[in-house]
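# Working through the structure, step by step
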Amino acid sequence: MAGAASSRSAWSGVVPLILYRVGAALLTLFLVSVVVFTVSGLLPGDAAQEILGQSATPEQVEALREEMGLNRPAVTRYFEWLVSIVSGDPGMSYVANMPVREIIADRLPNTLKLAGITALISVAIALTIGVVSAINRGGRIDRVLNVVTLSLVATPEFLVATLAVLLFSVTLLWLPSIALVQADATWGEMLRSLALPILSLTSVVVAQMARMTRAAVADQLDRPYVEMARLKGVPFSRIVLFHVMPNAIGPVVNAMALSLSYLFGGALIVETIFNYPGLASLMVNAVTSRDMPLLQSCAMIFCGTYLAMMLVADVIAILANPRLRA
Amino acid sequence: MISRPLTRRAAIGAGLAGAGVLALAGCTGGQDRRPARQGGMVRVAGHAASTSDTLDPAKGSTTLDYVRHHMLYSGLSCFEDDTLKPSLSLARAMETDDRITWHIDLHRGVRFHDGSELTSQDVVHSLLRHKNPELGSKVAAVAEQFAEVRSDGRYGVVIRLTTANADLPALLAVSHMLIVKAGQERPDGTGSGPFRLEDFVPAVHTILVRNGEYWIPDRPKLERVELIAIPDEVSRVNALLSGDVHMINAVNPRSVRRIHADPAFQTMITPSSLFTNLVMRQDSMPTGNPDFVQAVKLMLDRPLINRAIFSDYAAIANDQPIAPFQPYYNPNIPQTLLDTDKARWHVQRSGLTGVRLPVYCSTAATGSVDMASILQEYGSRVGLNFAVNRMPADGYWSTHWMRHPMTFGNTNPRPTADLMFSLFFASSADLNESGWKNERFDQLLLEARASGDEALRGELYGEMQQLIHDHCGVAIPVFMSFIDGYDRRLKGLRSVPLGAFGGYRFAEYAWWDD
């Protein structure tokens, strides 16, 4: 009974927050789309020039521009896009002759797969490293883990990825050097082809999350309530899992949300090195081919994901810590 | 006529009835002595792919586009070897008396992948669609020469040109001119080529399987080919060495040794007429000063450029666009050598000593950034002060190239001398990079294009090369080679100097030897 009441009051604190955040998110998305549209309009050249390439004549470019509707004012084009995206259709790609929806539907599952698996693995590793080194603060294990995580933070992912390819693919011939997406691949095959991208991404995001976890847990371990619990004879593992973790979860979840939204849109370098068809490389492609509808849609997805992740992190923090509900 | 040695081109030009049979014999002959085995699945990685990848031959713009199109569709003619003389393909004869009106006779019984027969209607549709401005065809400029294309019976096509052009068979051999099915505004891969389309995802992959009913018997050998792109050069070489792909293109000259270190892999080095050139606009100063142009040509250390930038996988060029292996190359033009004293004399005569001159370069024009640095170094020795401006590759062609007095350009091989000259050097050409105008050159261009006399054409093209070498505002230091890397089990490859992957047509001949 008491549990039900407390959970009801917990949600009643959270629902207005969610509504407020969704409203703010829509506004943010609108502003981002304006900025992306304006900035990409400043880039030299347009889709017609990019399609026809280096050896196009001015007449050819003009004819194609006319055909694609690129000679209309930028504001008109922007509002056309805005109206269509609000009605749920991101429109046709300028260069691929395909609906943007289809192109993204091809890529999105790949990004979700890579980000999802990496998240599962790296969150587990990061929590373990963070908690273990916080418990052993100042000890040998803590120092070793510190050195490892700090060097991982300092190593750029292209270096990790390239070294991993040289070792595991070229020298040992254990794993494929490129991540091919095959429609009929089994889970085992998929994991094998994704092994190196996951390894590279994990080594980037784990360090950040582990450092944050260590700091948050260590901070809580110094609090008087921990000492009290120890004096009462509560087993240490119970103190860490049930007393300390709920209090430390806020900053930890926040760090995780940041890392995970990075996995979504920032995996460009890993996607390039392993030739993985994800969303980040699609967006870069949209920039170089000046494919405005595709570029805008990618920007919306990345921005939306980021906002959603932050919202989820805040909600979790509030639910875990009643003091934040006021 | 009988006393003259019968080259393929002469045969086509003279309109002999036997030309088709003769040329086709060249078309089917293999170079490998060992028996070619059928089967094998290979994966091939190109250096670029984007969402603009296409199944439409008219719009092809990357190496992989050209490879894909040659696998799916057949052309009226084709380039089969390094002589760059066109052979007949879907056309079994191409006849003309005046090089204005051409009569084409198609092979009988050629079938598209959907079983329908290829007829003159398909050819007419395929050639005329390039004239539609809304299509955005890459060869729209060439198609302007077609005054009329009409069918003459089920298997006959008549092409009437606006002006005489002896090179038509070569112009029809490029991938953009491949034959698609009549009525298809957006070709979907249904062609008469050696492979059928299984799956195509732009910017990701193309999967092609052997066409068992290909109209040339005993081809192709490979069972299944997957085309992917790995833009990063290091990753591409790694993918080859780890066995994930079996052939790659655009190998950096510095990676060649790495590939050769493993006995299971080999490189195919194809000399080509691909070049990166320094463009000096003739319509602005000081680049329009002939003494300045001469000075720049004299201060290019061509062997150094070849060695330092291309690891000697390039050939020294002589400021004109026809490479030594190409038909009509003029070997009698003296090679311009590094001569700083003479260059200094020209600089002093032009009164430009000490003037600051901005040069625009970019990674978009291969090797141009390093070339600009070398130019700057030698410039300081002769009293010229070059300021190197390195521009981003993105947007370089539309915003910088030809838009400043000194920029770098990059020109891919063109199948004929006429096309190279008319696209890049004729006074009225949109892409006349340096804005060079020469009446004599324009006159020779038209005369050579119309002429059916090979010896005369050789003379005319020779003089045009001399004119460019002496007067044009472009400096062409070297011709780069195409470097492909491949797994040694892939056999039957031949290099065709038009492009990577055996002139984009490796899949036609290649076979897999386990």
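Residues numbered from 1 in each chain as written. Chains lettered and ligands numbered in written order. Predicted model: local features only at pLDDT ≥ 70, side-chain atom pairs only at ≥ 80, totals over all residues. Heavy atoms only, no water.

## Digging into the overall build of chain A
Stated formally: A run of H or I in DSSP counts as a helix once it spans at least four residues, and a run of E counts as a strand once it spans at least two, with each numbered from the N terminus. Only heavy atoms matter for contacts: two residues are in contact if any of them lie within 4.5 Å across the pair. In these tables, accessible area is a Shrake-Rupley quantity obtained with a 1.4 Å probe, and a residue counts as shielded only by the protein chains included in the view. Only four residue types enter the charge count, namely Lys and Arg as positive and Asp and Glu as negative; His and the chain termini do not. For the purpose of locating charges, the reference atoms are NZ of Lys, CZ of Arg, CG of Asp and CD of Glu.
The helix and strand tally for chain A stands at 13 helices and 0 strands. Considering only C-alpha atoms, chain A reaches an extent of 85 × 55 × 35 Å along its principal axes. Within chain A, contacts between residues at least 6 apart in sequence are counted, and of these 72% link residues at least 24 apart. As displayed, chain A has an accessible area near 16,200 Å², and 70% of this comes from carbon and sulfur atoms. Positive and negative side-chain charges in chain A, numbering 21 and 20 respectively, have mean positions lying 20 Å apart.

## Points about the overall build of chain B
For clarity, the threshold we go by: All radius of gyration figures rest on C-alpha atoms, and the globule criterion is 2.2 Å times the number of residues raised to 0.38. Each residue is placed in one exposure class: buried if its accessible area under a 1.4 Å probe, protein chains only, is under 20% of its type's maximum, exposed if it is over 50%, and partly exposed if it falls in between.
Within chain B one finds 18 helices and 20 strands. For a compact globule of 514 residues, the expected C-alpha radius of gyration is about 24 Å, and chain B comes in at 23 Å, within 12% of that figure. Summarising its shape, the C-alpha atoms of chain B cover approximately 70 × 55 × 45 Å along the three principal directions. Here chain B holds 514 residues, and 63% of them are scored as buried. Long-range contacts, defined as pairs at least 24 residues apart, comprise 71% of the intrachain contacts of chain B with a sequence gap of at least 6. Counting 52 positive and 57 negative side-chain charges, chain B places the centres of these two groups 2 Å from one another.

## Here we look at the confidence of the model for chain A
Short version of the rule: Here pLDDT means the predictor's own confidence in every residue, given as a number from 0 to 100.
Of all residues in chain A, 95% attain a pLDDT of 70 or more, and the chain-wide mean is 84. In this model residues 1-5 of chain A is a low-confidence stretch, pLDDT under 50, and it forms 0 contacts with partners more than four residues away in sequence or in other chains.

## Re the pairing of strand 10 (residues 224-229) of chain B
Residue and element names in this part refer to chain B. Keep this limit in mind: Pairing between strands is defined by DSSP: at least two bridges between the two strands are required.
With 5 of 6 residues buried, strand 10 lies mostly within the body of the structure. Bridge count for strand 1 (residues 41-46) against strand 10 is 6 bridges, and the pairing is parallel. Its bridge partner being in strand 10, valine 44 is matched across the sheet by leucine 227. Here strand 9 (residues 205-210) runs beside strand 10; their pairing, made up of 5 bridges, is antiparallel. Across the sheet, residue valine 209 finds its bridge partner in strand 10, namely arginine 224.

## Regarding the packing of aromatic side chains
Residues and elements named next belong to chain B. To keep it simple, the criterion reads: Only the six-membered ring of Trp is used, alongside the rings of Phe and Tyr, when aromatic pairs are assigned; centres must lie within 6.5 Å, and planes under 30 degrees apart are stacked while those over 60 apart are edge-to-face, with the rest tilted. Throughout this description, the term charge over a ring refers to an Arg CZ or Lys NZ atom that lies within 6 Å of the ring centre and within 35 degrees of the ring normal.
All told, the structure shown has 15 aromatic pairs over all chains when counted by the stated rule. Both rings, one in tyrosine 328 and one in tyrosine 461, keep their centres 4.8 Å apart while their planes meet at 45°; by these two values the pair is tilted. Here the residue tyrosine 328 occupies a position in the loop between strand 13 (314-316) and helix 11 (340-350), and tyrosine 461 occupies one in helix 16 (residues 454-471), the gap between them amounting to 133 residues. No difference in accessibility class separates tyrosine 328 from tyrosine 461, as the two residues are buried. An aromatic cluster of at least three residues, connected via ring pairs, comprises Tyr328, Phe421, Phe425, Trp436, Phe441 and Tyr461. Sitting above the plane of the tyrosine 509 ring, arginine 494 keeps its charged end 3.7 Å from the centroid.

## Here we look at the environment of glycine 502 of chain B
Residue and element names in this part refer to chain B. Inspection of the secondary structure puts glycine 502 in helix 17 (residues 500-503). Look at glycine 502 and you get buried, because its relative accessible area is 3%. Sequence spacing of glycine 502 and phenylalanine 482 is 20 residues, and the spatial spacing of their C-alpha atoms is 9.4 Å. When neighbours within four sequence positions are excluded, glycine 502 is seen to be in contact with Met268, Asp484, Arg494, Ser495 and Val496.

## A look at the pattern of salt bridges
Between side chains of opposite charge, a pair can form when the charged atoms approach closely. Residue and element names in this part refer to chain B. Where we set the bar: Counted as salt bridges are all cases of a side-chain nitrogen of Lys or Arg within 4 Å of a carboxyl oxygen of Asp or Glu.
Within this structure, the stated rule accounts for 35 salt bridges over all chains. We note a salt bridge from glutamate 80 to arginine 494, for which the minimum N-O separation is 3.5 Å. Within this pair, whereas glutamate 80 is found in the loop between strand 2 (77-79) and strand 3 (86-88), its partner arginine 494 is found in the loop between strand 19 (490-491) and helix 17, the two being separated by 414 residues in sequence. A network of salt bridges, in which partner residues are shared, links Glu80, Arg219, Arg494, Arg505 and Glu508.

## Thoughts on a negative patch on the surface
Our working rule: Here, patches come from residues exposed beyond 30% relative accessible area and free of salt bridges, joined within 9 Å for like charges and within 5 Å for nonpolar side chains (Val, Leu, Ile, Met, Phe, Trp, Tyr).
A contiguous patch of negative charge on the surface is contributed by Glu102 and Asp106 of chain A together with Glu198 and Asp199 of chain B. Secondary structure elements with two or more residues in the negative patch: helix 5 (100-135) of chain A together with strand 8 (195-201) of chain B. If you trace the backbone, glutamate 198 of chain B turns up in strand 8. Its relative accessible area of 49% is what places glutamate 198 of chain B among the partly exposed residues.

## Side note on the sheet that holds strand 6 (residues 146-151) of chain B
Residues and elements named next belong to chain B. Applicable threshold: Between N-to-C directions, angles cover 0 to 180 degrees, with each direction set by a line fitted to C-alpha atoms, over the stretch in contact for helices.
With antiparallel pairing, 4 strands are arranged side by side in an open sheet as 4-5-7-6. Edge positions in the open sheet fall to strand 4 (91-96) and strand 6, since each of these has one partner strand only. Each strand of the sheet is rotated relative to its neighbour by a mean of 15°, with strand direction disregarded. For strand 4 and strand 5 (residues 101-106), the ladder comprises 5 bridges, and the chain directions are antiparallel.

## Some details on the interface of chain A and chain B
The condition that has to hold: A simple way to read buried area is as the amount of 1.4 Å-probe accessible surface that goes missing from two parts once joined, with both sides added. Polar here means any residue other than Ala, Val, Leu, Ile, Met, Phe, Trp, Tyr, Cys and Pro, which are nonpolar, and Asp, Glu, Lys and Arg, which are charged; Gly is therefore polar.
The partner chain B presents 42 residues to the 45 residues of chain A that form the contact. Between chain A and chain B, roughly 3,100 Å² of surface is buried when both sides are summed, and carbon and sulfur atoms account for 54% of that area. Of all the secondary-structure elements, those providing two or more residues to the side of chain A that touches chain B are helix 2 (47-52), helix 3 (58-68), helix 5, helix 7 (157-171), helix 11 (268-273) and helix 12 (279-288) of chain A. The element best represented in the side of chain A that touches chain B is helix 3 of chain A, accounting for 6 residues. Of the residues belonging to the side of chain A that touches chain B, the class tally is 23 nonpolar, 16 polar and 6 charged.

## Some points on helix 12 (residues 368-382) of chain B
What counts, and what does not: Residue count minus one, scaled by 1.5 Å, sets the expected span of a helix.
Over its 15 residues, helix 12 of chain B runs 21 Å from end to end, which matches the ideal 21 Å to within 8%, given 1.5 Å per residue. Buried residues of helix 12 of chain B: Ser368, Val369, Met371, Ala372, Ile374, Leu375, Tyr378, Gly379 and Val382 of chain B, and no others.

## Some details on the packing of helix 5 of chain A against helix 8 (residues 187-221) of chain A
All names here are of chain A. Basically, it comes down to this: Two helices cross in a left-handed way if the nearer one is turned anticlockwise from the farther one by less than a right angle. They cross in a right-handed way if the turn is clockwise.
Interhelical geometry of helix 5 versus helix 8 gives an angle of 35° and a closest axis separation of 5 Å. The crossing of helix 5 and helix 8 is right-handed. When its residues are assigned to classes, the contact of helix 5 with helix 8 shows 25 nonpolar, 6 polar and 2 charged.

## A few points about the state of the cysteines
Test applied: In this description, a disulfide is simply a cysteine sulfur pair whose atoms lie within 2.5 Å.
Under the criterion given, the structure shown has 0 disulfides over all chains. There is no disulfide at cysteine 298 of chain A, and the cysteine sulfur nearest it, in cysteine 303 of chain A, is 13 Å away.

## Brief notes about the side chain of serine 368 of chain B
Residue and element names in this part refer to chain B. What counts here: Any pair of N or O atoms that falls within 3.5 Å is considered a polar contact. Within protein, one atom must be able to donate a hydrogen and the other to accept it, and sequence-neighbouring residues count only if both atoms are side-chain atoms.
Position of serine 368 among the secondary structure elements: in helix 12. The buried category is assigned to serine 368, whose relative accessible area is 1%. Here serine 362 takes part through its backbone oxygen, which lies 2.7 Å from a polar atom of the side chain of serine 368. Serine 368 has contacts with Thr276, Cys361, Ser362 and Phe408, leaving out every residue within four places of it along the chain.

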